[in-house]
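Chain by chain, the residues:
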Amino acid sequence: MSNPANNNTYPAYEKVMAARDSAKLTAVDYIKSLFGDSFIELHGDRRFADDKAIVAGLGMLHDTPVTVIGIEKGRNTKERMERNFGQAHPEGYRKALRLMKQAEKFRRPVLCLVDTSGAFPGIGAEERGQGQAIAENLMEMMTLKTPVLTILIGEGGSGGALALAVADEVWMLENAVYSVISPEGCASILWKDSAKAPQAAEALKMTAQDLFELGVIERIIRQPKADDKAMFESLRLLVLRTFEKNAALTDGELIEQRYRRFRKIGTAHIK
Amino acid sequence: MDFFAFVKPKNELEGSAEKQQNKPFVPEEMWVKCPNCNTLLLTTDMEENLHVCTHCEHHFRMSAKQRIELLADADSFEEYDAELQSVNLLGFPGYDEKLEKAKKKANESVRCGVCTLESVRTVLCVMDADFMMGSMGTVTGEKITRAFEYATARRLPVIICTVSGGARMQEGILSLMQMAKTSGAVKRHSDAGLLYITVLTDPTTGGVTASFAMEGDIILAEPNSLVAFAGPRVIEQTMRQKLPKDFQTSEFVLQKGFIDAVVPRSALKSTLAKLLRMHGYEEVK
Ligand SMILES: [Zn+2]
């Protein structure tokens, strides 16, 4: 970038850079820190393939079995290639939905960890119905009869992030971002200049603080370090308490609450 | 016969002897060039042919008003929520000016109401490319959600004609949230056992494709419409290669198994009416 963001002028873009920082923890790190050795990975969408951009399986949070689904960017060049830089194909979203339906069957809560610049834009992804796969997740998650919690741990890129974020509550790490479009994409479409990404990041309101104020997320989580055992234990307890609260609701109440959550977002100006 | 001979020039200057010798003058609004076959069509002929090229069947884009006239029985469309207007709720630079311009061309990105279609009562939502390329803002999402809630409460089917460039980026994350919100409303309508048909028109892309456009019980598309999640330019940039010619057309997504049928505009109303009747929705007197 020829025009590096100035910390004082464009704090939102600083957050974007922090969210993309490849040295930070990725989904597999969070899964390891939260679930330890109890995690068992489950693969495949049963239709086409196993998408390695999505890591999913079962793990124990203390005494509670949980279905966990994360978008994984990879921690080094080799992993990043394997994980397609955390850009999922339709089969990734279908694997996620398969395991969410399985969680519903066995009354397990679902934890989604989102870190993606977006769903993969490619020929194969389009041929196999990227739009349809995301749409189906949105529809089915809305009425999933088990508690669902999503934590944005890095980048939340548009529909590819939302496809795992139709949840009872959505939380963000303090350095995570969540947006309808990347600031570079926004700047190049609107202003024909991707160097204006820092300005676009401000305008898009994509930081955790912005989204909390807009009523899009329920909680901002302090950025943990991998060895911060105390921090992960308090996160574990917070997640469990949220699951327990929602598991106490009837199916009807749970689904009504989730519908109302999304129904009211952005309606303050609409009479 | 000289096709344009009867058309009089607008003024003396335009009708100069030299111009008349080279080609007959026709005021611009009277003819339109087909982007597909390059034939010069009289606008009136094209309009009478349902905005379809009389030479090659190219389907021109229709405004919401024209499409409502195409599908709803005469004077049967009762519009709802026409008073809901997009506002610049994030204070996004330049959005106020864009909205002002868009509002001169169309009321909103979608028009919703109830009508009869061959005498069968249905909720009908028609997106409008004239309003910021049918992009999905909070008002778009709210109107579509209300249309489904209305239909669910009254046990009516829903038909949506989509045309959209995707999410409205000037409304940021709130625009993205409309994908979830509309999908929730579609699901409730579906769970109530009611019929939802989508008609994809050129172009249907991005956040609309990845939500209510692809959630119909039956998904129809007009011929040769762009139907995509990621647009062809984005994919070309990622892949650094030219895409095949018919990639992401309605015929392509039909072949890949993602839509039920490609229906020419001339058969659209009768096809929709047949489908409504086959699902037990009856004619009203
Ligand atoms: Zn033509």
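Residues numbered from 1 in each chain as written. Chains lettered and ligands numbered in written order. Predicted model: local features only at pLDDT ≥ 70, side-chain atom pairs only at ≥ 80, totals over all residues. Heavy atoms only, no water.

Peer 1: Got a minute to help me understand the overall build of chain A in this structure?
Peer 2: In terms of helices and strands, chain A carries 12 helices and eight strands. The C-alpha atoms of chain A give 18 Å as radius of gyration, which agrees with the globular expectation for 271 residues (18 Å, within 12%). Per-residue burial for chain A yields a buried fraction of 59% across its 271 residues. In chain A, 72% of the contacts between residues at least 6 apart in sequence involve partners at least 24 apart. Counting only carbon and sulfur atoms, one obtains 53% of the accessible surface of chain A, whose full area is about 10800 Å². Taking the average place of the 37 positive charges on the side chains of chain A and the average place of its 36 negative ones, the gap between the two points comes to 2 Å. (Helix = DSSP H or I, 4+ residues; strand = E, 2+ residues; numbered from the N terminus. Rg over C-alpha atoms; globule rule 2.2 N^0.38 Å. Buried < 20%, exposed > 50% of the residue type's maximum accessible area, 1.4 Å probe, protein only. Contact = heavy atoms within 4.5 Å. Areas by Shrake-Rupley, 256 points an atom, 1.4 Å probe, with all protein chains shown as cover. Lys, Arg positive; Asp, Glu negative; His and termini not counted. Charge placed at Lys NZ, Arg CZ, Asp CG, Glu CD.)

Peer 1: Whenever I open this one, the coordination of the zinc ion confuses me. Can you help?
Peer 2: Geometry reference: four tetrahedral donors at a metal, ideal angle 109.5 degrees. Six octahedral donors, ideal angles 90 or 180 degrees. All names here are of chain B. Looking at the zinc ion, the protein donor atoms are Cys34 (SG), Cys37 (SG), Cys53 (SG) and Cys56 (SG), and they sit 2.2 to 2.4 Å from it. Classification of the site at the zinc ion rests on its four donor atoms, whose angles at the metal span 107 to 112°, yielding the label tetrahedral. Here the donor residues of the zinc ion are spaced in sequence according to C-x2-C-x15-C-x2-C. Placement of the pair is Cys34 in the loop between strand E1 (31-33) and strand E2 (40-42) and Cys56 in the loop between helix H2 (43-48) and helix H3 (64-71), with a sequence separation of 22 residues. On the basis of relative accessibility, which here comes to 0%, the residue Cys34 falls in the buried class. (Donors = N, O, S within 2.8 Å, 3.2 Å for Na, K, Ca; no water. Tetrahedral: all angles 85-135°; square planar, octahedral: opposite > 155°, others 65-115°.)

Peer 1: Whenever I open this one, the interface of chain B and chain A confuses me. Can you help?
Peer 2: Contacts between the two partners involve 54 residues from chain B and, on the opposite side, 50 residues from chain A. Taking both partners together, chain B and chain A bury about 4300 Å²; carbon and sulfur atoms supply 73% of that area. The largest contributions to the chain B side of the interface with chain A come from Met169, Ile173 and Arg188 of chain B, which together make up 15% of the buried area. Along the contact surface separating chain B from chain A lie three salt bridges. Notably, a salt bridge pairs Arg188 of chain B with Glu256 of chain A, separated by 2.5 Å at the nearest N-O pair. The interface formed by chain B and chain A contains 10 residue pairs in polar contact (both at pLDDT 80 or more). Of all the secondary structure elements, the ones that give two or more residues to the side of chain B that touches chain A are helix H5 (138-154), helix H6 (172-191) and helix H8 (232-239) of chain B. A per-class count over the side of chain B that touches chain A returns 29 nonpolar, 14 polar and 11 charged. (Buried area = accessible area lost by both parts, 1.4 Å probe. Salt bridge = Lys/Arg side-chain N within 4 Å of Asp/Glu carboxyl O. Polar contact = N/O pair within 3.5 Å; in protein donor to acceptor, adjacent residues only side chain to side chain. Nonpolar A, V, L, I, M, F, W, Y, C, P; charged D, E, K, R; others polar.)

Peer 1: What is the right way to look at the layout of surface pockets in this model?
Peer 2: Where empty space is left can be seen by rolling a probe of water-molecule size over the atoms. Within this model, the second largest pocket holds a volume of roughly 460 Å³. Split into classes, the residues belonging to the lining of the second largest pocket amount to seven nonpolar, six polar and four charged. (1 Å grid on protein atoms, 1.4 Å probe; cavity = no way out; pocket = protein on both sides within 12 Å on 5 of 7 lines; lining within 4 Å. Points joined across faces, edges and corners; volume = space filled by probe spheres on them.)

Peer 1: What is the right way to read the pairing of strand E6 (residues 158-164) of chain B from this model?
Peer 2: The side chains of a regular strand alternate between both faces of the sheet. Residues and elements named next belong to chain B. Counted residue by residue, E6 has seven buried out of seven residues, so it is predominantly covered. Burial of E6 is two-sided: the residues Val158, Ile160, Thr162 and Ser164 facing one way and the residues Ile159, Cys161 and Val163 facing the other way are all buried. Both strand E5 (residues 120-127) and E6 contribute to a ladder of four bridges, which runs parallel. Bridging from a neighbouring strand, Val126 pairs with Cys161 of E6. With H5 bridging E5 and the parallel E6, this β-α-β connection has right-handed handedness. Here six bridges tie E6 to strand E7 (residues 196-204), and the two strands are oriented parallel to one another. Each bridged residue has a counterpart across the sheet, and for Val158 the counterpart in E7 is Tyr196. For the segment spanning E6, H6 and E7, crossover handedness is right-handed. (Pairing = 2+ DSSP bridges. Right-handed = clockwise from strand over helix to strand, strands pointing away.)

Peer 1: Looking at this model, I keep getting lost on the sheet that holds strand E9 (residues 261-262) of chain B. Mind explaining?
Peer 2: Two strands in a sheet stick together by hydrogen bonds in their backbones, pointing the same way (parallel) or opposite ways (antiparallel). Residues and elements named next belong to chain B. With respect to topology, seven strands assemble into an open sheet ordered E3-E4-E5-E6-E7-E8-E9, the strand pairing being mixed. Only two strands of the sheet have a single neighbouring strand rather than two, namely strand E3 (78-80) and E9. Where strand E4 (residues 110-117) meets E5, eight bridges bridge the pair, whose relative direction is antiparallel. By the bridge assignment, Gly113 is partnered in E5 with Leu124. The strands touched by H3 within the sheet are E4, E5, E6 and E7, with E5 carrying the most contacts at an inclination of about 160°. Contacts from helix H10 (residues 268-278) reach E4, E5, E6, E7 and strand E8 (218-221), with the element oriented near 175° to E8. (Axes fitted to C-alpha atoms, helices over the stretch in contact; angles between N-to-C directions.)

Peer 1: I keep staring at empty space enclosed by the protein and nothing clicks. Help me out?
Peer 2: This structure, assessed with the given rule, holds one cavity of 30 Å³ or more. When its volume is computed, the largest cavity comes out at roughly 100 Å³. Elements represented by at least two residues in the lining of the largest cavity include exactly helix H6 (130-142) of chain A together with helix H9 (250-255) of chain B. Considering every element that reaches the lining of the largest cavity, the biggest residue donor is H6 of chain A, with three residues. When its residues are assigned to classes, the lining of the largest cavity shows seven nonpolar, six polar and one charged.

Peer 1: Got a minute to help me understand the nonpolar core in this structure?
Peer 2: If you look at soluble globular proteins, the nonpolar side chains tend to sit buried side by side. Judged by nonpolar contacts, the single largest core of 137 residues is most densely connected at Ile69, Leu111 and Tyr178 of chain A. Among the elements that make up this core, the one with the highest residue count is H6 of chain B (eight residues). When sequence neighbours within four positions are dropped, the list of residues in contact with Leu111 of chain A reads Leu34, Phe35, Val66, Thr67, Val68, Ile69, Leu149, Ile151, Val239 and Phe243 of chain A. If you look at the next biggest cluster of nonpolar residues, it comprises 27 residues, including Leu220, Ala273, Leu275 and Leu276 of chain B. (Core = buried A, V, L, I, M, F, W, Y, C linked by side-chain atoms within 4.5 Å.)

Peer 1: Hey, could you run me through the state of the cysteines in this one?
Peer 2: Such a bond, covalent and formed between the sulfur atoms of two cysteines, is termed a disulfide. For the structure shown, the criterion picks out zero disulfides over all chains. Not engaged in a disulfide, the cysteine Cys161 of chain B finds its nearest cysteine sulfur in Cys125 of chain B; these two sulfurs lie 9.0 Å apart. (Disulfide = S-S within 2.5 Å.)

Functional significance is not addressed by these values, which are geometric in nature.
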